[in-house]
Amino acid sequence: MLKATLKSLLARKLRLALSTLAVVLSVMFVSGSLVLTDTLGRTFDNLFANIYTYTDVQVTAKSQLAQAGDGSTPFPAATVDRVAKADGVAKATGQVFLTGALPIGKNHKVAINPTGQQFGGNWTGEDELVHLAAGRGPTADDEVVINKGLATTTGYTVGDTMDIITRDQKRAGYTIVGLMQYAGGRDSMAGESAIFFTTPKAQQAMLGAPDEFNVIDVRAAPGVSDDTLRDNVKAQLGDQFVVKTGKELSDESSEAIKGLLKYFNYVLLGFGAVALLVGVFLILNTFSIIVAQRTQELALLRAMGAGRGQIMRSVLLEALIIGVVGSVFGFLVGLGVGAAGAAGMSSLVGGLQVASLGAPVSAIVASFVIGIGVTMIAALSPALKASRVPPIAAMRESAAPDRPLTRLTIVGGVITALGIGALSWGLAGAGGSTLALVFGGVLGVLVGVALLTPMLGRPLVAALGSAFSWFVSGKLGKRNSARNPRRTAITAGAVMVGIAIVTAISTIFTSLSAALGATIDEGLQADIIVFGQQTSQLPPTISADEVRRIAALPDAQTVASVTADIVQVNGKTAYISSYADPAAAATVLKRTVTAGRIDRIDSGEFVVDQKTAEDDNYHLGDTITVTFAKGPQKTLKLVGISGRSAVASGIVVSYADAQQGFNFPQAWDVFVDVRDGASVSATKDAVNDVIKDNPQVTAYTKDEYVHNSQLQFDVVLGIVQVLLLVALAISVLGVINTLLLSVIERTRELGMLRAVGLRRGQTWLMVTTESIVITVFGTVLGLAVGAALGAAIVTALKDVLGFGSVTLPWVLMVVYFIAAVIVGAVAGFIPSLRAVRLNVLRAIAYE
């Protein structure tokens, strides 16, 4: 039996290759995601280990907003002397080093850094980590040293003058007097930019006050361990400071980055899950057809003495071999995916030295468990069917008779109903496993509909195939695609699953994008919006002078500026905003008063919208305690409640309190309502002329503003299209496999058709038509199921995520349909080629 099994497998090399390729694609994304995560994890471990190699202990002050030292809170320079007096301290160096120094490129725009890390600090001289590659250190307040990575990306060098916007939101020109590198000849540690000023200038520009630092670097005396030094310094400073060793800083930084890397993992695992699901259909269909075609062979083996168990093990052995081979190649291709992802990250983050590619045990285990497991599970049903072939079948025709679809339809209906129930329960928020219920429900619906596909096959295939019935080959192709509902259904099911998942996701994000556009359009009475894309921790801002000049434009009827910050309200983190002119803001943001007043907010007061008031149980006269980023805590009194606003919600404090307490109190956005009859385009040009020296912001019309706001959804939809390509790639393999095996099964029939006059071109069209009908059938079903799933999720989450009505991605759905026709034609190429190359006489004699 073993020899017979291996000989049977090797005799059908194309079938083996296609089935194995399905397993490879299924395993590839899973192994690739694990390899990439492991490689990048070790990369950042190495990175932060290098950064903190020369750090024994570091001191930062606790933030007023959170009891942690994030490095942004300044403290008096005298603190350095206190640290220096602690036992075991050899040297204590006060440093200014935090993100917020934005270089202006030679194009007069902010030089955007892909990492978002644009540091500014004080030059403390060369040491083990930092050394000058050219020039000297700064000695005057208008001089700076920059890292070579920044010099390379901007084209600046020693002697050039660079404009820089610092954390105090002031722009000034500085002469570059030196270029620096890190240990090992690195131009940057991880693609960041770094600008170093003199200590007095760094304190003023980056921290906002003289004689302050935000970091103290502490070196241990000989014989003193880092842990001992940390404890001594902590005892010296008390609880208002955070003291950590270099190793602790390295471990914490690395873990924080790894927390972000999991999202890359999720994306690739999502592709892998779709590939697995579609691959199951392909493998199941392949083995089902093989068993049907080998009925006489299997029956003959039974007649020669093979037992049921031997027959079943024979089929499962074929599946095991395919699973093992597919797992090996899937893992190897996954290594390539991981390497490509790591190279892409290195390219994106200039200067990042990626760790050597590894083969983590988790990736190896997952590859073989998934590859072998999926293949064996998919082959189990055909193996059971094969074991039940009676010996008498050896004397019958090999074509397997159609079986009733009643049981399959009932099972499919039950699973679909259970899936809908789980999905509804999960979307309603019932129980504690909402996410599991939603995913389980979606899976149940997809599997259930796939089981119902044979019942739907004949009428739908007949309807779709009627488009080809006007010529002989088309009519034959239509009939061939409907002659075996189970086979057609499983093949179309693979297409259906991929299309349904992609359509559902597209429906959700298209609805969300449309809702966002409608919200902005309905809730904003402004023709022009001035804002900038935030690419670092510093928000793009508009100065008070620029706001006044915009308001003075003759066609600017109402101008409102908005600023915001993260604070703590009654001990909880909250995002609050402030308006320079609350009355103007009420107009352009369509805020209507429902209680108290909202057109004036004095110091010590705040207003909220009606939804926030209801959610947090606020009433006029209530007070809250706000801990601002700067300054002391303050108690504010509620003086007004506005109506529900589509674009302006939450707590609004006075402009005076914002100026004192916000990190960046300048205007983040400016809204301009143009006078009736005035040209919006001309006014926008006038606004851009006002802000021409501000490289951070640009004026946009409302339509342009909406488009910019929706770009994030376009990125997601782009990822979804890649997911579609993955699903279609495996689906194509399924169609090719099915039609190839079908052509082999119908060899004699094809020979007879050729003998009675069917030409080669007509044969080609017949097989291609069959391929297109099957693919379009799966696509139409997938579009319907996907749209229904997407619409259900949008409707259920309408109030939670702010959806409007369901918006179907009609353009994308048409594109998917056209793609299905093309895919069907491509998938039919190889089977058609085999069919037209049949020798007529040999085909007629084929048994």
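Residues numbered from 1 in each chain as written. Predicted model: local features only at pLDDT ≥ 70, side-chain atom pairs only at ≥ 80, totals over all residues. Heavy atoms only, no water.

A.B. asks: Outline the packing of aromatic side chains, listing residues and values.
C.D. replies: Tallied over the entire structure, the rule returns eleven aromatic pairs. Residues tryptophan 123 and phenylalanine 196 carry aromatic rings whose centres are separated by 5.7 Å and whose planes lie at 75 degrees to one another, so their mutual orientation is edge-to-face. Residue tryptophan 123 is located in the loop between strand 6 (118–122) and strand 7 (130–135), and its partner phenylalanine 196 is located in strand 11 (residues 193–197); the two are separated by 73 residues in the primary sequence. Of the two residues, tryptophan 123 and phenylalanine 196, neither departs from the other in class, the shared state being buried. Between tryptophan 470 and phenylalanine 471 the ring centres are 4.6 Å apart and the planes differ by 65 degrees, which places this aromatic pair in the edge-to-face class. Positioned above the aromatic ring of tyrosine 156, the side-chain terminus of lysine 106 is 5.4 Å from the ring centre. (Phe/Tyr/Trp six-rings, centres within 6.5 Å; stacked < 30°, edge-to-face > 60°. Helix = DSSP H or I, 4+ residues; strand = E, 2+ residues; numbered from the N terminus. Buried < 20%, exposed > 50% of the residue type's maximum accessible area, 1.4 Å probe, protein only. Lys NZ or Arg CZ within 6 Å of the ring centre and 35° of its normal.)

A.B. asks: Explain the pattern of salt bridges residue by residue, including any values.
C.D. replies: The full count for this structure, using the stated rule, is 18 salt bridges. Residue arginine 230 is joined to glutamate 248 by a salt bridge in which the shortest nitrogen-to-oxygen separation is 2.5 Å. With arginine 230 in helix 6 (residues 226–237) and glutamate 248 in helix 7 (residues 246–293), this residue pair connects regions lying 18 residues apart in the sequence. Its relative accessible area of 14% is what places arginine 230 among the buried residues. (Salt bridge = Lys/Arg side-chain N within 4 Å of Asp/Glu carboxyl O.)

A.B. asks: Report on the sheet that holds strand 1 (residues 57–61), specifying residues and quantitative values.
C.D. replies: The four strands lie next to each other as 3-13-1-14, forming an open sheet whose pairing is antiparallel. Each end of this open sheet is capped by a strand with a single partner; those strands are strand 3 (89–95) and strand 14 (241–245). Looking at each pair of strands side by side, their axes are set apart by 20 degrees on average, direction ignored. Bridging between strand 3 and strand 13 (residues 215–220) involves six bridges; their strand directions are antiparallel. In the strand pairing of strand 13, alanine 92 is matched with valine 218. (Pairing = 2+ DSSP bridges. Axes fitted to C-alpha atoms, helices over the stretch in contact; angles between N-to-C directions.)

A.B. asks: Please set out the environment of isoleucine 624 residue by residue, giving values where relevant.
C.D. replies: By the secondary structure assignment, isoleucine 624 is in strand 20 (residues 623–627). With 19 residues separating them along the chain, isoleucine 624 and glutamate 605 place their C-alpha atoms 9.5 Å apart. Not counting the four nearest positions on each side in its chain, isoleucine 624 is found in contact with Val569, Asn570, Phe606, Tyr618, Lys634, Thr635, Leu636 and Ile651. (Contact = heavy atoms within 4.5 Å.)

A.B. asks: So, the packing of helix 22 (residues 760–796) against helix 25 (residues 829–836): which residues are in play, and what are the values?
C.D. replies: Viewed as axis vectors pointing N to C, helix 22 and helix 25 meet at an angle of 145 degrees, and their least axial separation amounts to 9 Å. Our pair here, helix 22 against helix 25, has a crossing hand that is right-handed. Contacts from Arg760, Thr763, Trp764, Val767 and Thr768 in helix 22 reach Phe829, Pro831, Ser832, Leu833, Ala835 and Val836 in helix 25. Classifying every residue of the contact of helix 22 with helix 25 by side-chain character gives seven nonpolar, three polar and one charged. (Left-handed = near helix turned anticlockwise from the far one by under 90°. Nonpolar A, V, L, I, M, F, W, Y, C, P; charged D, E, K, R; others polar.)

A.B. asks: Can you break down the side chain of aspartate 673 residue by residue, with the values?
C.D. replies: With respect to the secondary-structure elements, aspartate 673 resides in strand 23 (residues 669–674). In contact with aspartate 673, other than residues within four places in its own chain, are Gln525, Ala526, Asp527, Asp555, Ala556, Gln557, Thr558 and Val588.

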